[in-house]
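Listed here are the chains, written in short residue letters.
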Amino acid sequence: MLNYQLTNSKQHRAFDLVTTLGEVIMMRMCLACLASILLSMVGTSDGTAAEGGRRLALVVGNSAYEAAGTLPNAARDARAFGTFLSNLGFDTDIVIDANRSQLAEAVARFSRKITADDVALFYYAGHGMQLRGENYLVATNARLTSEFDVAAETLALEDMVRAMEGKAKIVLVFLDACRNNPLANRLNEEIEGTTRSLATRGLAPIETQSAGTMVAFAAAPGQVAADGRGESSPFTTALVNHLASPGIEIGTAFKRVIRDVRTATDGKQSPQILSSLSLEFYFAPALQQPEQAPVAAPAIDPEAIAAEADFQKALRINTPRIWTSFLAKHRSGEKVDVARQMLSVMQPNAIASLLFPTPEQRENELILDRAKRSEVQRALAAKGFGTGNADGVFGSQTRKAITDYQKSTNLTGTGYFNEPTAQALGIGVVSAADGLYSSPLARRYLPKDFVGLETDERVWKAINCNPWHEKVYGSFLGHMYVVIYSQGTTWKLADFNAKRCGGHLATITSKEENDFVASLFNKDERLFDSEYEASWNGTYKNGPWIGLIQDEHGREPKQGWRW
């Protein structure tokens, strides 16, 4: 049975958190810069809207920030892109240096114009940020002194996208918004610390609801998009150069955008897309060409298609474990380069460990409790390689026995147990390294995103149970622990949900176990609630439910606990 556990070494009293094996969504707090372009579109073959529809565009460029410095090219980018769209037949509203109220007014005005047959396009250049997995466009008067200012001083990208998807036939959203943002950087560091803030730079993936949606990023997560040294940013320059190429479908055009931006930035910036686009869309119709003999279709590269699909899933999950799985599955290509960069930002030493693991690391990846180690010792002794007592401790005598046995079976004699050695001995082992598997911040995950990337059955059990709840999960000594964020629960309900998911509430048996379980939720302040106690004029924190039951007349501070 999976251990379904949760505790907190800091708490006096357990409160309203359930520990269930369930699906997990990483809440990527603190994203210093929003590097996204969302192209959401249902295209027609000639690039025009459905019959009777119009082409409408709202273009925003924010350069003059009151507290975040100046972005010289953002306003110029907006004017250049607005002119570009007007020349393509878009009715374009250009808004420059909008504060929060002006930004909201422009969006509302744009939304009122959209009808069901229209093409609606939104372009934004300026500062953006991500907080707790949500993306925001920053108004010029934003100061962001705390996370509570975000709603009042920014525009939520998801709200903008949803409003457009619900009204227009075709939706296109472009955001050249990943410039280095000092306000977001400071806020993110306050919330998660410098290291995590660096790890979560970029844009959170967007779940679009239209079947014709493409999400494009000005830069890959972990990268900062350049404002540009010329009149426009590298990204907007490439968009203008390629989107309106005659007869070029948007997907093909964007590949050219990626190529130009990578070249212009010496590979430091690589635009990305998330796509559910089921139809083609063209900004400009094809030029009339003389009839020619049919040309053979280019060969399809199945590996590139598979890598692209896995990359999009890994981008949505965005944990070191999943990026590691992606790199173990795919070894070369543009997406692999970006994945390595993502992993190196999150875990600087992970790439070396992945490409050149030590024998000790290989052994540590296996679930080898004391009973399993004793089984290994007995199996070695049965083969004539004495280990002394089968006490489950891999001391010098056991190490020598492992080395000698490995050499006798033509394996590399490392002295560390590994999967080939286990297979030769006929011992079944499971590879599952201890540690955090999910994001340190509770969030929901979509099971479909793990297909082809996650092989641990315990994780599948976690993400498939209660998929609507936000969670954090990780492994310790072969057991999966899951923290579920569920407000207003009771101990009985928590216990019921834990058992329903195939686990149980935590019963902590060691300091090491307690420290690990506490580490699963100590990063997320939402998992705690402070309360005031009038009897002793003090406050205390309520934390997650663990395997404790409260006595009616106990103490600490009001009542006691028993297992």
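Residues numbered from 1 in each chain as written. Predicted model: local features only at pLDDT ≥ 70, side-chain atom pairs only at ≥ 80, totals over all residues. Heavy atoms only, no water.

Things to note about the overall build of the protein
Rules: Segments assigned H or I by DSSP are reported as helices when at least four residues long, segments assigned E as strands when at least two residues long, and all are numbered from the N terminus. Any residue under 20% of the maximum accessible area for its type is buried, any over 50% is exposed, and the rest in between are partly exposed; the area is computed with a 1.4 Å probe on protein chains only. Here a residue-residue contact requires only that any non-hydrogen atoms of the pair lie within 4.5 Å. Throughout, the Shrake-Rupley method with a 1.4 Å probe supplies accessible areas, and for residues the shown protein chains are the sole cover considered.
When its secondary structure is counted, the protein shows 19 helices and 18 strands. For the protein, buried positions account for 54% of its 563 residues. Relative to all contacts within the protein whose residues are 6 or more apart in sequence, the contacts with residues 24 or more apart total 73%. Split by element, the accessible area of the protein, about 24,800 Å² in all, is 51% carbon and sulfur.

As for the sheet that holds strand β5 (residues 119-125)
Threshold: At least two bridges found by DSSP between two strands is the condition for calling them paired. Working convention: axes come from line fits to C-alpha atoms, limited for helices to the stretch in contact. Angles between N-to-C directions cover 0 to 180 degrees.
Strands sit in the order β4-β3-β5-β9 across an open sheet of four strands; the sheet is parallel. Either end of the sheet is taken by a strand with one partner, and the two such strands are β4 (91-96) and β9 (170-176). Neighbouring strand axes in the sheet, compared pairwise and without regard to direction, differ in orientation by 10 degrees on average. Of the pairings in the sheet, the one linking strand β3 (residues 55-61) to β5 comprises seven bridges and is parallel in character. The residue bridging Ala-57 from the neighbouring strand is Leu-121, located in β5. Of the strands in this sheet, β3, β5 and β9 are in contact with helix α4 (residues 157-165), which crosses β9 at around 160 degrees.

A look at the sheet that holds strand β8 (residues 154-156)
With antiparallel pairing, three strands are arranged side by side in an open sheet as β6-β7-β8. For this open sheet the edge positions go to β6 (128-131) and β8, each flanked by a neighbour on one side alone. Looking at each pair of strands side by side, their axes are set apart by 35 degrees on average, direction ignored. In this structure, strand β7 (residues 134-138) lies alongside β8, joined through three bridges in antiparallel fashion. Counterpart to Leu-137 in the pairing with β8 is Leu-155. Set on the sheet, α4 makes contact with β7 and β8; between it and β8 the angle comes to about 50 degrees.

Description of the pattern of salt bridges
Heads up, the condition is: Salt bridges are counted wherever a side-chain nitrogen of Lys or Arg sits within 4 Å of a carboxyl oxygen of Asp or Glu.
Applying the stated criterion across every chain yields a total of 18 salt bridges. As a salt-bridge pair, Glu-158 and Arg-162 come within 3.5 Å of each other at their nearest N and O atoms. Pair noted here: Glu-158 and Arg-162 are both in helix α4, with a separation of four residues, about one helical turn. Put simply, Asp-93, Glu-105 and Arg-109 are held in one network by salt bridges that share partners.

Observations concerning the state of the cysteines
As a reminder, the rule being used: The criterion for a disulfide is a pair of cysteine sulfur atoms lying within 2.5 Å.
Evaluated as defined, the whole model comprises one disulfide. Each sulfur of the disulfide joining Cys-465 and Cys-501 lies 1.6 Å from the other. What sets the handedness of the Cys-465 and Cys-501 disulfide is the S-S torsion sign, and at about -50 degrees it is left-handed. Note that Cys-465 is positioned in the loop between α17 (457-464) and β13 (470-476) and Cys-501 in the loop between α18 (491-500) and α19 (511-521), a separation of 36 residues in sequence. The two residues Cys-465 and Cys-501 agree in class, both being buried.

Remarks on the nonpolar core
Taken as a class, soluble globular proteins show a tendency for nonpolar side chains to be buried jointly. Keep this limit in mind: Working definition of a nonpolar core: buried Ala, Val, Leu, Ile, Met, Phe, Trp, Tyr and Cys residues. They are joined through side-chain atoms within 4.5 Å.
Formed by 67 residues in total, the largest nonpolar core has its most connected members in Leu-121, Phe-122 and Phe-283. The dominant element in this core, judged by the number of residues it contributes, is β5, at seven residues. Among the nonpolar cores identified, the runner-up in size contains 29 residues, and Ala-220, Met-342, Ala-462 and Ile-463 belong to it.

Re α4
For the record, the criterion: Directions pointing from the helix axis toward each C-beta atom define the arc.
Here α4 has its buried residues at Leu-157, Met-160, Val-161, Met-164 and Glu-165. In a view along the axis of α4, the buried residues occupy a sector of 125 degrees, so they form one face of it.

Considerations on the pairing of β4
Applied cut-off: For the handedness criterion, the strands are oriented away from the viewer, and a crossover whose path from the first strand over the helix to the second runs clockwise is classed as right-handed.
In this sheet, β4 lies alongside β3 in parallel orientation, the contact comprising six bridges. Residue pairing for β4: Leu-56 is matched across the bridge by Asp-91. Between the parallel pair β3 and β4, the chain is carried across by helix α1 (residues 72-87), and the sense of this crossover is right-handed.

Considering the packing of aromatic side chains
Condition: We call Phe, Tyr and Trp rings a pair once their centres come within 6.5 Å, taking the six-membered ring for Trp, and we label the pair stacked below 30 degrees between planes, edge-to-face above 60, and tilted otherwise. A ring has a charge above it when a Lys NZ or an Arg CZ is no more than 6 Å from the ring centre and no more than 35 degrees off the ring normal.
The final tally for this structure, using the stated rule, is 17 aromatic pairs. Relative to Trp-460, the ring of Phe-450 has its centre 6.3 Å away and its plane inclined at 70 degrees; by these criteria the two rings are edge-to-face. Highlighted residues: Phe-450 in the loop between β12 (435-436) and α17 and Trp-460 in helix α17, separated in sequence by ten residues. On the basis of relative accessibility, which here comes to 23%, the residue Trp-460 falls in the partly exposed class. Measuring from ring centre to ring centre gives 5.3 Å for Phe-476 and Phe-516, while their planes differ by 15 degrees; the resulting arrangement is stacked. With Phe-476 in strand β13 and Phe-516 in helix α19, this pair connects stretches of sequence that are 40 residues apart. In this structure, Phe-476 and Phe-516 share a single accessibility class: buried. Counting every residue linked through ring pairs, the aromatic cluster contains Phe-81, Phe-84, Phe-90, Tyr-123, Phe-174 and Phe-283. When the ring centre of Phe-311 is taken as origin, the NZ or CZ atom of Lys-335, which lies over that ring, is 4.8 Å away.

Honestly, it's all geometry; don't read function into it.
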